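Summary of the model geometry
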Amino acid sequence: MARRLQRPGWRDARLIIGVLLVVVSVVGGARLIAALDDGTAVYVAAEPLVPGQEVTAADLDVVDIRFAQDADLYLSAAGEIEPGTYALRGVPTGELIPAAALGGASQVESKAVTVSIDPATASSIHVGSVVDLWVSRRDPQALGAVYVEPELLLSGAVVSTTLRRAPRLALELVMLPCRSSFPPIVLVR
């Protein structure tokens, strides 16, 4: 019987060679892609981090980033976040966490101050916003409710908390750095 008229079988050399070629190409392609993926797992802020805030793993997400250089400047996700880790500077949502942005409680150089404001004026203020705090003091020499020119009390304060208390909104601001005592805040209602 002629060879071309035989029924094909599972032991046909062409079938075995074809299957081996497919398996080798799939395994080789997977290894090549894995070898080219030189991403580094790093932490990003899942929510705004404000100076002085204790940071836990719940405040962070993990992403893989391919760095050309300076990967060690960012917080690697290879290690765990230790208890007692605090944000030393503000980090917005989605930003990579610089290694220098976190530290111990003794490194925190900020102080929290609570300020009550009218909710209508605070519609654009949210956690992580950077604000300047101005104050108008009463003129002690004038009669009635007369105020002197406004003066800048805090520059670059970070909003760490917003508390809704009817009928006003209370903001907790973090002042950076806290190297001197600030004058008392006078709230006029």
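Numbering of residues starts from 1 in every chain and runs along the sequence as written. Local features in this predicted model are restricted to residues of pLDDT 70 or higher, and side-chain atom pairs are both shown and tallied only at a pLDDT of 80 or more, whereas totals for entire chains, interfaces and linings draw on every residue. Side-chain numbers here rest on the full set of heavy atoms in the structure, without hydrogens or water.

1. Brief notes about the overall build of the chain
Test applied: By the criteria applied, helices consist of DSSP H or I runs no shorter than four residues and strands consist of E runs no shorter than two, each listed in order from the N terminus. Partly exposed residues are those whose accessible area sits between 20% and 50% of the maximum for their type, while under 20% is buried and over 50% is exposed, using a 1.4 Å probe and protein chains only. Any two residues having at least one pair of non-hydrogen atoms within 4.5 Å are treated as being in contact. Only the protein chains shown count as covering a residue, and every accessible area follows the Shrake-Rupley method with a 1.4 Å probe.
Within the chain, the regular secondary structure consists of 1 helix and 8 strands. Tracing the chain from N to C terminus, the helices and strands come up as α-β-β-β-β-β-β-β-β. In the chain, which comprises 189 residues, the proportion classed as buried is 24%. If you take every contact in the chain between residues at least 6 apart in sequence, the share linking residues at least 24 apart comes to 59%. For the chain, the exposed surface amounts to about 13,200 Å²; the carbon and sulfur share of it is 57%.

2. A few points about the pattern of salt bridges
How we decide: Should a side-chain nitrogen of Lys or Arg be within 4 Å of a carboxyl oxygen of Asp or Glu, the pair is scored as a salt bridge.
Scanning the entire structure with this criterion turns up 2 salt bridges. Ionic pairing is found between Glu95 and Arg89, a salt bridge with its closest N-O pair at 3.1 Å. A salt bridge links Glu151 to Arg137; the shortest N-O distance between them is 3.2 Å. One end of the pair, Glu151, is in strand β7 (residues 151–165); the other, Arg137, is in the loop between β6 (130–135) and β7, and 14 residues separate them in sequence. Arg137 sits in the partly exposed class, given a relative accessible area of 22%.

3. With respect to the side chain of Asp59
Note on placement: Asp59 falls in the loop between β1 (40–45) and β2 (60–65). With near-sequence residues (within four places) excluded, Asp59 lies in contact with Val44, Ala45, Ala46, Glu47, Leu49, Gln53 and Glu54.

4. Focus: the nonpolar core
Put simply, the rule reads: The term nonpolar core refers to a set of buried residues drawn from Ala, Val, Leu, Ile, Met, Phe, Trp, Tyr and Cys, joined through side-chain atoms within 4.5 Å.
Among the nonpolar cores identified, the biggest contains 13 residues, and Tyr43, Leu49, Leu60 and Ile97 are the most heavily contacted of them. Other than its neighbours up to four places away in sequence, Leu60 contacts Tyr43, Val44, Ala45, Ala46, Leu49, Val55, Ile81 and Ile97.

5. Brief notes about the environment of Glu54
As a reminder, the rule being used: Polar contact criterion, stated in full: a pair of N or O atoms within 3.5 Å, where within protein one must be able to donate a hydrogen and the other to accept it, and residues adjacent in sequence count only if both atoms are side-chain atoms.
The residue Glu54 is located in the loop between β1 and β2 in this model. Exposure remark for Glu54: the relative accessible area of 38% places this residue in the partly exposed category. Each C-alpha atom of the pair Glu54 and Gly84 lies 6.6 Å from the other, and the pair is 30 residues apart in sequence. In this structure, Glu54 is in contact with Asp59, Pro83, Gly84, Thr85 and Tyr86, ignoring residues within four places of it in sequence. A polar contact is formed between the side chain of Glu54 and the backbone nitrogen of Gly84, at a distance of 3.3 Å.

6. A word on the side chain of Gln53
Tracing the chain through its elements places Gln53 in the loop between β1 and β2. For Gln53, a relative accessible area of 18% puts it in the buried group. When neighbours within four sequence positions are excluded, Gln53 is seen to be in contact with Glu47, Pro48, Asp59, Thr85, Tyr86 and Ala87.

7. Overview of a nonpolar patch on the surface
The line we're drawing: Candidate patch residues must exceed 30% relative accessible area and have no salt bridge, after which like charges are joined if within 9 Å and Val, Leu, Ile, Met, Phe, Trp or Tyr side chains if within 5 Å.
A surface patch of nonpolar side chains, about 530 Å² in accessible area, is lined by Trp10, Leu15, Val19, Val23 and Val27. Residue class for Trp10 comes out exposed when judged on its relative accessible area of 78%.

8. A word on the environment of Val130
Positionally, Val130 belongs in strand β6. Owing to a relative accessible area of 59%, Val130 belongs among the exposed residues under this scheme. Residues Val130 and Ala157, 27 residues apart in the sequence, show an inter-C-alpha distance of 5.5 Å. The contacts of Val130, once residues within four sequence positions are left out, are Gly156, Ala157 and Val158.

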